[in-house]
Amino acid sequence: MAGLKFCPKCGTLMRPDRKRGVWVCPNCGYEEPITDEDKKKTRITQKVEHRPDEGVVIVDQEVETLPTTRVYCPKCGEVVEAYWWEVQTRAGDEPSTIFYKCKKCGYVWRSYE
Ligand SMILES: [Zn+2]
Ligand SMILES: [Zn+2]
C-alpha cells in the first residue's frame, strides 16, 4: 500500500485515515488527500479550496513530479501538454476527480466525464 509520508509543515510522520482518504499529521493536524501518486512515492502537496460556485479549486500545487498528457485546454483553445492528477473529494465514497494543468498557460481545470 502507500508508503511513509511526512508532514510538509512540521516533518512529523503522517498517519493514513483510510475512511476519509487522507493523510493526517498527529502533531499539527495537517491533512492531505491519499492519491495513487503516493504509491509511486512522488511528492505532491496541495491545498484544496472549496467554493460554492466552482466546486473544488486547486490554489497551490507542486507539479514537477506529475505525469503529463495531451489534452484540450479551454483557455488556449487547442490541444496542449498538461499535467494531470487525481483528487479524492472529502467524502470518501465519492469518485475521485481528475484535474489538468496546462503547461502553456497554467490554467487548471477538472475533467467532467
Ligand atoms: Zn504537522
Ligand atoms: Zn492553456
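Residues numbered from 1 in each chain as written. Chains lettered and ligands numbered in written order. Predicted model: local features only at pLDDT ≥ 70, side-chain atom pairs only at ≥ 80, totals over all residues.

**Q** Please explain the overall build of the protein as it appears in this structure.
**A** Helix and strand content of the protein: one helix and nine strands. When the helices and strands of the protein are listed from N to C terminus, the series reads β-β-β-α-β-β-β-β-β-β. Going through the 113 residues of the protein one by one, you find that 11% of them count as buried. Across the protein, the fraction of contacts at a sequence separation of at least 24, relative to all contacts at a separation of at least 6, is 29%. (Helix = DSSP H or I, 4+ residues; strand = E, 2+ residues; numbered from the N terminus. Buried ≥ 20, exposed ≤ 12 C-beta atoms within 10 Å, placed from the backbone. Contact = placed C-beta atoms within 7 Å.)

**Q** Would you explain the sheet that holds strand 1 (residues 15-17) in this entry?
**A** Within a sheet, adjacent strands bond to each other through the backbone by hydrogen bonds, running parallel or antiparallel. Spatial strand order, 1-2-3: three strands in an open sheet with antiparallel pairing. Each edge of the sheet is formed by a strand with only one pairing partner; in this case those strands are strand 1 and strand 3 (31-33). Ignoring strand direction, the axes of neighbouring strands in this sheet form an average angle of 30°. Two strands pair when backbone bridges link them, and strand 2 (residues 22-24) and strand 3 are joined in this way by three bridges, in the antiparallel orientation. Its bridge partner lying in strand 3, Val-24 is registered against Glu-31. (Pairing = 2+ DSSP bridges. Axes fitted to C-alpha atoms, helices over the stretch in contact; angles between N-to-C directions.)

**Q** Just to check I follow, could you spell out the sheet that holds strand 9 (residues 108-110) for this structure?
**A** Read across the open sheet, the four strands follow the order 6-7-8-9; overall the sheet is antiparallel. For this open sheet the edge positions go to strand 6 (68-73) and strand 9, each flanked by a neighbour on one side alone. Ignoring which end each strand starts from, the neighbouring axes of this sheet average 45° apart. In this structure, strand 6 lies alongside strand 7 (residues 78-87), joined through six bridges in antiparallel fashion.

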